[in-house]
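Each chain is listed here by its residues.
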Amino acid sequence: MLTFGTRPEAIKMAPLVREFRKYPEKFKTTVCVTGQHRQMLDQVLDIFGIIPDYDLNIMRSGQDLYDVTARVLTGMRDILTGNAPDMILVHGDTTTSTAAALAAFYRQIPVGHIEAGLRTHNIYSPWPEEMNRQLTGRIASWHFSPTPLSRENLLRENIPGERILVTGNTVIDALYMVVERINTDHNLRKSLEKGLLLAGYDTSRLEGGRRLVLITGHRRENFGTGFINICEAIKELTHRFPEVDFVYPMHLNPNVRQPIHKVFGDSLQGLGNMFFIEPLEYLSFVLLMERSCLVLTDSGGIQEEAPGLGKPVLVMRDTTERPEAVESGTVRLVGTDYGRITSEVSALLNDSTVYESMSKAVNPYGDGQACPRIVGFIDKIINQ
Ligand code: UD1
Ligand code: UDP
């Protein structure tokens, strides 16, 4: 049983669901979604054609961590009663993944942790994700680490080496699948561009050499002052660079939208080169990422995807559990400081040497074959 609940988990678990389903003679594959995200999860399920076997449908507007934890636990209890799979796979560091792992443990069902071993070693940054993944790692019997470094982190926590497999990140499997579709299907590309136009951004603006900065943000530890600083910095940049478009697909969390309205006003329309749009489905988002010149974000997944596309990423956080891309020079931490964000974006937009040094395409997160590795390993555990 694969269990997930938010947009990024769905993107990273979808190729794994598809890989398992290639082998119906070996696996009975079921999908349980918690629905921690509703609309943003459903966007991903639609794109990858996944119909969940179970849907806990837990999302409430403005939910807190207690709500999510409690609803996932009791919802999973009801599903697992009299219906125990041989293994439950959870992903990453969300509250869905930790609560689902705990629910599995309470039924003594072995847990496999996908994207295991990422660490900042600071339990409040990112919060609550660092503690979530440490707890999930403690519960899990099997650990699928994206990189050798994440394996090292687990070995240091006394996880036996034979229980860890380095696989690459499944997000690269998803990204390659999608990039291939966009690049080979001209009609699909055109229809995505049309969709973006309806969503509020006209990609034909980029044809005359205009550049695009793509922005996302949602981290809980940035709520309040952090997001106000971020918005003030973006506003300054839109004035400093009228020849550049700034596109921000907004996360649906109300805590992300309040500071945007505070800084940019109620309507968010007609802001010149600043475009606030609704969250994009994955294909359109990848298309925009590919058309952008740089990405400004606090996202985890985007730190893994954008380097593969050769796009510099400035990360609006103080820590990262993804140091591989920082080491390879394509990702840089800028925090939520107004001065730091404005100066680092300006340097990338103004100075081609700085830009070239960060824009090389590297892929420390895998070769797009993480899912076959995971499925092969689980086949050995369960079936042999
Ligand atoms: C969650 C994860 C975070 C992950 C992020 C990815 C936890 C604690 N947080 O944070 O690790 O990086 O997802 O985006 O697990 N909402 C909607 N529709 C949606 C999704 C969200 O309306 O489809 C709104 C709801 O008001 C919801 C709120 O956003 O209550 C917060 O959602 P929640 O999943 O609790 O937190 P995220 O900030 O999305
Ligand atoms: N993404 C998307 N539409 C958007 C913004 C992001 O499909 O409008 C994708 C993005 O490509 C990445 C994932 O969502 O794969 C990242 O999700 P998010 O930033 O919400 O979560 P995180 O990775 O930080 O946990």
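Before reading further, recall that the structure is shown in the block above.
Description of the structure in this document.

Reading the values: rules and limits
Residues numbered from 1 in each chain as written. Chains lettered and ligands numbered in written order. Predicted model: local features only at pLDDT ≥ 70, side-chain atom pairs only at ≥ 80, totals over all residues. Heavy atoms only, no water. Near = heavy atom within 4 Å. Polar contact = N/O pair within 3.5 Å; in protein donor to acceptor, adjacent residues only side chain to side chain. Nonpolar A, V, L, I, M, F, W, Y, C, P; charged D, E, K, R; others polar. Areas by Shrake-Rupley, 256 points an atom, 1.4 Å probe, with all protein chains shown as cover. Helix = DSSP H or I, 4+ residues; strand = E, 2+ residues; numbered from the N terminus. Pairing = 2+ DSSP bridges. Axes fitted to C-alpha atoms, helices over the stretch in contact; angles between N-to-C directions. Salt bridge = Lys/Arg side-chain N within 4 Å of Asp/Glu carboxyl O. Buried < 20%, exposed > 50% of the residue type's maximum accessible area, 1.4 Å probe, protein only. Right-handed = clockwise from strand over helix to strand, strands pointing away. Contact = heavy atoms within 4.5 Å. Core = buried A, V, L, I, M, F, W, Y, C linked by side-chain atoms within 4.5 Å.

A short note on the site of ligand 1
Turning to step 1, where the next piece is worked out: The full set close to ligand 1 counts 24 residues, and His37, Gln39, Arg60, Thr95 and Glu129 are the nearest of them.
Turning to step 2, where the next piece is worked out: Within the contact set of ligand 1, an oxygen atom lies 2.6 Å away from a side-chain nitrogen or oxygen of His37.
Turning to step 3, where the next piece is worked out: Looking at the shell around ligand 1 residue by residue, the class counts come to 7 nonpolar, 12 polar and 5 charged.

Some details on the site of ligand 2
Turning to step 1, where the next piece is worked out: Surrounding ligand 2, one finds 15 residues, the nearest of these being Leu280, Ser299, Gly300, Gly301 and Glu305.
Turning to step 2, where the next piece is worked out: Between ligand 2 and His218 there is a distance of 2.9 Å, counted from an oxygen atom to a side-chain nitrogen or oxygen.
Turning to step 3, where the next piece is worked out: Take Arg219: an N or O atom from its side chain is 3.2 Å from an oxygen atom of ligand 2.
Turning to step 4, where the next piece is worked out: A total of 540 Å² of accessible area belongs to ligand 2 in isolation, and the protein chains cover 95% of it.
Turning to step 5, where the next piece is worked out: Of all the elements in the fold, those that place two or more residues in the shell around ligand 2 are α1 (7-20), α11 (282-291) and α12 (301-308).

Considering the sheet that holds strand β10 (residues 274-277)
Turning to step 1, where the next piece is worked out: Read from one edge of the open sheet, 6 strands run β10-β9-β8-β11-β12-β13, paired in parallel fashion. The two strands at the open ends of the sheet, each matched to only one other strand, are β10 and β13 (331-333). Averaged over all neighbouring strand pairs, the angle between strand axes comes to 20°, with direction disregarded.
Turning to step 2, where the next piece is worked out: Bridge count for strand β8 (residues 211-216) against strand β11 (residues 294-297) is 4 bridges, and the pairing is parallel.

A word on the pattern of salt bridges
Turning to step 1, where the next piece is worked out: In total, this model carries 28 salt bridges according to the counting rule given.
Turning to step 2, where the next piece is worked out: Glu321 is the partner of Arg322 in a salt bridge, and the nearest nitrogen-oxygen pair spans 2.9 Å.
Turning to step 3, where the next piece is worked out: Since its relative accessible area comes to 3%, Glu321 is described here as buried.

Quick word on the pairing of strand β4 (residues 88-91)
Turning to step 1, where the next piece is worked out: The two faces of β4 match: Ile88 and Val90 on one face and Leu89 and His91 on the other face are all buried.
Turning to step 2, where the next piece is worked out: Relative to strand β5 (residues 111-114), β4 runs parallel, the two being bridged by 4 bridges. In the sheet register, His91 faces β5, and the bridge partner there is Ile114.
Turning to step 3, where the next piece is worked out: In this fold, the crossover linking β4 to β5 by way of helix α4 (residues 95-106) has right-handed handedness.

Focus on the environment of Asp55
Turning to step 1, where the next piece is worked out: Inspection of the secondary structure assignment puts Asp55 in strand β3 (residues 54-55).
Turning to step 2, where the next piece is worked out: For Asp55 and Val33, which are 22 residues apart along the polypeptide, the C-alpha to C-alpha distance reads 4.9 Å.
Turning to step 3, where the next piece is worked out: The residues touching Asp55, leaving out its near neighbours within four places in the chain, are Val33, Thr34, Gly35 and Arg38.
Turning to step 4, where the next piece is worked out: Looking at Asp55, its side chain comes within polar contact range of the side chain of Arg38, at 3.1 Å.
Turning to step 5, where the next piece is worked out: There is a polar contact of 2.9 Å between the side chain of Asp55 and the backbone nitrogen of Asn57.

Thoughts on the nonpolar core
Turning to step 1, where the next piece is worked out: In terms of nonpolar packing, the biggest core is built from 61 residues, with Phe4, Leu16, Phe48, Leu89 and Tyr282 touching the most fellow members.
Turning to step 2, where the next piece is worked out: Filtering out sequence-adjacent residues up to four positions away, Phe4 remains in contact with Glu9, Ala10, Met13, Val17, Val31, Cys32, Val33, Thr34, Leu41, Leu45 and Thr96.
Turning to step 3, where the next piece is worked out: One finds Leu237, Met250, Val256 and Leu314 within the second-largest nonpolar core, a separate group that totals 32 residues.

What to know about the side chain of Glu321
Turning to step 1, where the next piece is worked out: Looking at the secondary structure, you find Glu321 in the loop between β12 (313-315) and α13 (323-327).
Turning to step 2, where the next piece is worked out: A polar contact is formed between the side chain of Glu321 and the side chain of Arg133, at a distance of 3.0 Å.

Looking at unusual backbone geometry
Turning to step 1, where the next piece is worked out: Omega for the peptide link from Ser125 to Pro126 comes to -5°, which places this bond in the cis form.
Turning to step 2, where the next piece is worked out: Following the sequence through the fold, Pro126 ends up in the loop between β5 and α5 (129-139).
Turning to step 3, where the next piece is worked out: Here the bond from Trp127 into Pro128 is cis, since omega is 5°, no more than 30 degrees from zero.
Turning to step 4, where the next piece is worked out: Mapped onto the secondary structure, Pro128 falls in the loop between β5 and α5.
Turning to step 5, where the next piece is worked out: One non-glycine residue, His121, adopts positive backbone phi at about 65°.
Turning to step 6, where the next piece is worked out: Positionally, His121 belongs in the loop between β5 and α5.

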